[in-house]
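Chain by chain, the residues:
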Amino acid sequence: MTAQGKHAPELTALFPEFQSFLYEAAGIYFPLENRERLLGHVQARMDATGKRTPKEYLALLNTSRGRGSEQWAFFNQTTVNETFFFRDDVQFAVFKDKLLPELLQLRRRNRQRKLNILSAASSSGEEAYSLAILIQQQFPMEQNFVSITGVDINSDVIDRAKEGLYNRYSVRNCSPQQLGVYFTPEGDKYRVKPDVKQMVSFQVVNLIDPGSLRGLPRPDLILCRNALIYFDKESKLKVIQAFASVLQPHGTLILGRTESLFGLDHPFNLVHFLRSCGYRLKTK
Ligand SMILES: C[S@@+](CC[C@H](N)C(=O)[O-])C[C@H]1O[C@@H](n2cnc3c(N)ncnc32)[C@H](O)[C@@H]1O
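Note that the coordinates shown come from a computational prediction; the quantities given were computed from them, not determined experimentally. Sequence order as written defines the numbering, with residues in each chain counted from 1. In view of the model being predicted, local features appear only for residues whose pLDDT reaches at least 70, and side-chain atom pairs are presented and counted only at 80 or more, with totals across whole chains, interfaces and linings using the full set of residues. Side-chain calculation: all heavy atoms of the structure are included, whereas hydrogens and water are not.

Visitor: I tried to follow the side chain of S276 on my own but got confused; where do I start?
Guide: Each helix is a run of DSSP H or I of at least 4 residues and each strand a run of E of at least 2, with the numbering of both proceeding from the N terminus. Mapped onto the elements, S276 comes out in strand β10 (residues 276-281). Not counting residues up to four positions away in its chain, the partners in contact with S276 are V90, Q91, V94, R257 and V271. The contact criterion used throughout is that any non-hydrogen atoms of two residues lie within 4.5 Å.

Next comes the structure, spelled out in structure tokens:
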């Protein structure tokens, strides 16, 4: 223990370096008040990689490139992945009563093969599977015409999403009917059934990388909820511009209900739904 904090002075002194690394590589900003938390993550990765000094670990991070490298393990260590099924009743009511009926109708009218939904910063997949369940429940004739892609920077949570096995805490907002129809109990856990899974796929994607979404089908609906809170203004703008470059012209972007694009110079108009809102691209 030191007077400044609980970490060794040589580690504390390198806080700005680790802070900048994470900010530049992933857009995630750890302010000074969260210094001890970030240094705890660094210490955990130093222990895991056998690096004895923070300098050695920083050198490893700075030279690590490509999937599976230490850089990605550091992202896995530092991201906050809290999520659960049907998170935010108000927004799910908007999806059910407004957005999905409109988009599905438009898909049929335009003879579009699939309605594409992007669950950006999906964490372990609960949001993406909730949408698939909602579509199976409310629009059963459409389930083969909807494709949902979940993306996240954290490869551990993407592996969990692909597995589709959840504990009671994750499914606490599911009704008994939903649990009975769309999940198979496994011990004290619940596994998403194959016909729900077949609507959803997952990929590791760093939203800060320009062009990271280019390889995916152009989405009609983007959900990016409870993730922008970890970004500062500049990285928020990068992510929002990436969304704007792929979203269909008729599409909608939904953020978490406590998040907004206020103060950013962005290409969206705010649209109001009942007790919530979304963003649509300005027409040029
Ligand atoms: C709190 S979770 C939100 C999960 C879900 N959207 C929800 O609302 O329940 C935030 C997620 O953002 C992801 N994330 C943070 N930075 C990211 C980045 N640069 N690219 C992609 N995902 C990122 C984290 O890994 C984490 O899983």
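Visitor: I'm lost on the site of the ligand in this one. Help?
Guide: A single heavy atom is enough: if one lies within 4 Å of a molecule or strand, its residue is considered near that molecule or strand. Close to the ligand lie 21 residues, the nearest being N81, T83, R87, D152 and N226. Any pair of N or O atoms that falls within 3.5 Å is considered a polar contact. Within protein, one atom must be able to donate a hydrogen and the other to accept it, and sequence-neighbouring residues count only if both atoms are side-chain atoms. With respect to the ligand, the side chain of N81 contributes an N or O atom lying 2.9 Å from an oxygen atom. Contacts to the ligand include R87, whose side-chain N or O atom sits 2.8 Å from an oxygen atom. Considered class by class, the residues forming the shell around the ligand number nine nonpolar, seven polar and five charged. Note on residue categories: nonpolar means Ala, Val, Leu, Ile, Met, Phe, Trp, Tyr, Cys or Pro, charged means Asp, Glu, Lys or Arg, and polar means any other residue, Gly included.

Visitor: Help me understand unusual backbone geometry, please; the structure alone is not making it clear to me.
Guide: With the exception of glycine, most residues fall at negative phi, and the peptide bonds are largely trans. One non-glycine residue, F86, lies in the positive phi region at around 50°. Within the secondary structure, F86 is located in the loop between α5 (70-78) and α6 (89-109). The phi torsion at S123 lies on the positive side, around 55°, for a residue other than glycine. With respect to the helices and strands, the residue S123 is situated in the loop between β1 (115-120) and α7 (126-138).

Visitor: Please explain the sheet that holds strand β5 (residues 189-192) as it appears in this structure.
Guide: In a beta sheet, neighbouring strands are held together by backbone hydrogen bonds and run either parallel or antiparallel to one another. Judged by pairing direction, the sheet is antiparallel, and its three strands sit side by side in the order β3-β5-β4 without closing on themselves. Every other strand in the sheet has two partners, leaving β3 (165-166) and β4 (183-186) as the edge strands with one partner each. When DSSP finds two or more bridges between two strands, those strands count as paired. Across two bridges, the pairing between β3 and β5 is antiparallel. By the bridge assignment for β5, L165 is matched with R191.

Visitor: What am I meant to see in the pattern of salt bridges here?
Guide: Pairing is possible between side chains that carry opposite charge, provided their charged atoms lie close to one another. When a carboxyl oxygen of Asp or Glu is within 4 Å of a side-chain nitrogen of Lys or Arg, the pair counts as a salt bridge. Using the criterion set out here, one finds 11 salt bridges in the structure. Two residues, R108 and E142, come together in a salt bridge whose shortest N-O distance is 2.1 Å. In this pair, R108 sits in helix α6 while E142 sits in the loop between α7 and β2 (146-152), placing the two residues 34 residues apart along the sequence. The residue R225 makes a salt bridge to E127 at a minimum N-O spacing of 2.8 Å. With a gap of 98 residues between them, R225 in the loop between β7 (221-224) and α11 (233-246) and E127 in helix α7 connect regions that are remote in the sequence. Salt bridges sharing common partners tie together K98, E102 and R280.

Taken by themselves, the reported measurements are silent on function.
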